[in-house]
Amino acid sequence: MQHDDDAKVYLNGVLLTKQAGYNSTYAFFPISPAARQALRAGDNVLALHANSPHGGEYLDAGLYETLPTPAPLARARQTGVKLTATQTTYSFAAGPVTLTVNFLSPLLLDELETVAQPVSYVTCTATAADGQPHPTQVLLTEAGTLASNTPYQEVATRPGAAGSLRWQAVGTAAQPMLAKAGENLRIDWGYAYLATSGAATLANGDPQTLKTAFAKTGTLSPASPTKGQAQRVAQAAVLDLGAVAATPAEQHLLLGYDEQYAVQYFGQNLRP
C-alpha cells in the first residue's frame, strides 16, 4: 500500500491494517491470521480510507500472497569498486573465480555523435585464482521498470537484429509520449534495450523465474515476446565464459534507451 496520509484498509468489513502518517512508496504490511480469515472464495470487498489534513492525498493498495522463499544461493563477495569519469568497475570473488564487471558510458564531450548515443557497454571478465578450469556463466537481468513510470504499467518485449547485433527491447504498451507533468515521474515512452554482438543467450520473462532457471542450469530458454506488469517482466542475457582458468575470459553486452522523441516545441514532438 501507498498512503497519504492516515489509512485504514478493510476486507469484507474486517480491519486488515491501520497506518498513521504517510509513506512515499509502496510498502508491504503483514495481515494477522485472524484478518486473513475474512478472505473468501468468490466476490470480496476491499475498502480503503485515507485522511490527509496537509497537502495532497494518495491511496492505493492490493493483496499479495507471500510465496515460499527459494533456497539461498551462495553470494559472490564484492572486493572492490573503481569510478572514473566514464567508467565504473566492480570486482567480485565467487569461490576461486574472480569476476570484474565494467560499465562504460562513452561520454566524450568532444564527440557529439558519440555522447548523444544512449548506449553503455557492460564487460564481464573472469579469471581463476587457482589456475584450474572452472565453468563460468554470468546472468544479467534488466527490469521492465526501466521503461515505465510505475511498476504496474503494462509493458511488452520485442526482439530485433541488425548484422551481427541481436537485442531485446522493452517498453510500455501505451507509449504515452510526453503525456504527464509534475513531480516524481519517470519516462514511460521509448524502449530499453539489452543487446549482444556475440554468442550471449537473450531471454525474457518473470524476473524470479529467470534467476531460478539460471541457478539450476546456467542457461535460459531463448526469448519470446512477453507482456505484463513492468515489475513482472525482465530481459536477460547469459554470458557463457567457458572453463575459466588463469587466462582472462571476457564478453560484453550493450545497454541502451531510445526515447524516440525527447521534447515538445510549440506543440511539435522533436527527436533528441
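1. Brief notes about the overall build of the protein chain
Counting secondary structure elements, the protein chain contains 3 helices and 19 strands. Looking at the protein chain residue by residue over its 272 residues, the buried ones come to 29%. Counted over contacts in the protein chain with a minimum sequence separation of 6, partners at least 24 positions apart contribute 62%. If you sum the accessible surface of the protein chain, you get close to 16,800 Å²; carbon and sulfur atoms cover 56% of it. Here the protein chain contributes 16 positively and 20 negatively charged side chains, and the mean placements of these two sets differ by 8 Å.

2. A few points about the pairing of strand β11 (residues 154-162)
Side chains on a regular strand alternate between the two faces of the sheet. As paired strands, β11 and strand β15 (residues 227-229) are joined by 3 bridges and run antiparallel to one another. Paired with Val155 across the bridge in β15 is Gly228. Where β11 and strand β12 (residues 165-172) come together, 8 bridges link them in antiparallel fashion. Within β12, the residue paired with Thr157 across the bridge is Val170.

3. Re the environment of Leu112
Inspection of the secondary structure assignment puts Leu112 in helix α2 (residues 112-116). Among the residues examined, Leu112 registers a relative accessible area of 64% and is labelled exposed.

4. Comments concerning the packing of aromatic side chains
Remark: the centre distance and the inter-plane angle together describe each pair of aromatic rings, the angle taken between the planes. Applying the stated criterion across every chain, the model contains 5 aromatic pairs. Between Tyr26 and Tyr152, the aromatic rings sit 5.1 Å apart at their centres with planes inclined by 70 degrees, giving edge-to-face as the arrangement. Placement of Tyr26 in the loop between β3 (14-19) and α1 (33-36) and of Tyr152 in the loop between β10 (134-143) and β11 is noted, with a sequence separation of 126 residues between them. Judged by relative accessible area, which is 27%, Tyr26 ranks as partly exposed. The class of Tyr152 is partly exposed, set by a relative accessible area of 29%. Between Trp167 and Tyr193 the ring centres are 6.3 Å apart and the planes differ by 70 degrees, which places this aromatic pair in the edge-to-face class.

5. Things to note about the pattern of salt bridges
This structure, assessed with the given rule, holds 1 salt bridge. Across the pair Asp188 and Lys180 runs a salt bridge whose closest N-O atoms are separated by 2.5 Å.

6. Some words on the sheet that holds strand β14 (residues 201-205)
Across the sheet, 3 strands lie side by side as β10-β16-β14; this open sheet has antiparallel pairing. The sheet is open, and its two edges are formed by β10 and β14, each paired on a single side. Each neighbouring strand pair of the sheet contributes to a mean axis angle of 25 degrees, computed without reference to strand direction. Two strands pair when backbone bridges link them, and β14 and strand β16 (residues 234-244) are joined in this way by 5 bridges, in the antiparallel orientation. Note on β16: the bridge partner recorded for Ala203 is Ala236.

7. Considering unusual backbone geometry
Residue Asp5 follows Asp4 across a cis peptide bond; omega there is 0 degrees. As for its position among the elements, Asp5 is in the loop between β1 (2-4) and β2 (6-11). The backbone of Asn12 sits at a positive phi, close to 50 degrees, despite the residue not being glycine. For Asn12, the position within the fold is in the loop between β2 and β3. The partly exposed category is assigned to Asn12, whose relative accessible area is 21%.

8. Quick word on the sheet that holds strand β6 (residues 77-83)
The strand order across the open sheet formed by 9 strands is β6-β7-β8-β9-β17-β13-β12-β11-β15, and the pairing between neighbours is antiparallel. What marks the edges here is a single partner per strand, and that holds for β6 and β15. With strand direction ignored, the average angle separating the axes of adjacent strands in the sheet is 20 degrees.

9. A word on the environment of Val115
Within the secondary structure, Val115 is located in helix α2. Assessed through its relative accessible area of 25%, Val115 is described here as partly exposed. Here the alpha-carbon distance between Val115 and Ser105, two residues 10 residues apart in the chain, equals 8.4 Å.

10. Observations regarding the side chain of Asn102
Within the fold, Asn102 resides in strand β8 (residues 97-104). Judged by relative accessible area, Asn102 falls into the buried class, the value being 14%. A polar side-chain atom of Asn102 sits 2.9 Å from a polar atom in the side chain of Gln87. Those residues in contact with Asn102 that lie beyond four places of it in its chain are Gln87, Thr88, Thr89, Tyr121, Val122 and Thr123.

The rules behind these values
- Residues numbered from 1 in each chain as written.
- Predicted model: local features only at pLDDT ≥ 70, side-chain atom pairs only at ≥ 80, totals over all residues.
- Heavy atoms only, no water.
- Helix = DSSP H or I, 4+ residues; strand = E, 2+ residues; numbered from the N terminus.
- Buried < 20%, exposed > 50% of the residue type's maximum accessible area, 1.4 Å probe, protein only.
- Contact = heavy atoms within 4.5 Å.
- Areas by Shrake-Rupley, 256 points an atom, 1.4 Å probe, with all protein chains shown as cover.
- Lys, Arg positive; Asp, Glu negative; His and termini not counted.
- Charge placed at Lys NZ, Arg CZ, Asp CG, Glu CD.
- Pairing = 2+ DSSP bridges.
- Phe/Tyr/Trp six-rings, centres within 6.5 Å; stacked < 30°, edge-to-face > 60°.
- Salt bridge = Lys/Arg side-chain N within 4 Å of Asp/Glu carboxyl O.
- Axes fitted to C-alpha atoms, helices over the stretch in contact; angles between N-to-C directions.
- Polar contact = N/O pair within 3.5 Å; in protein donor to acceptor, adjacent residues only side chain to side chain.

Without other data, these values stay purely geometric and don't point to any function.
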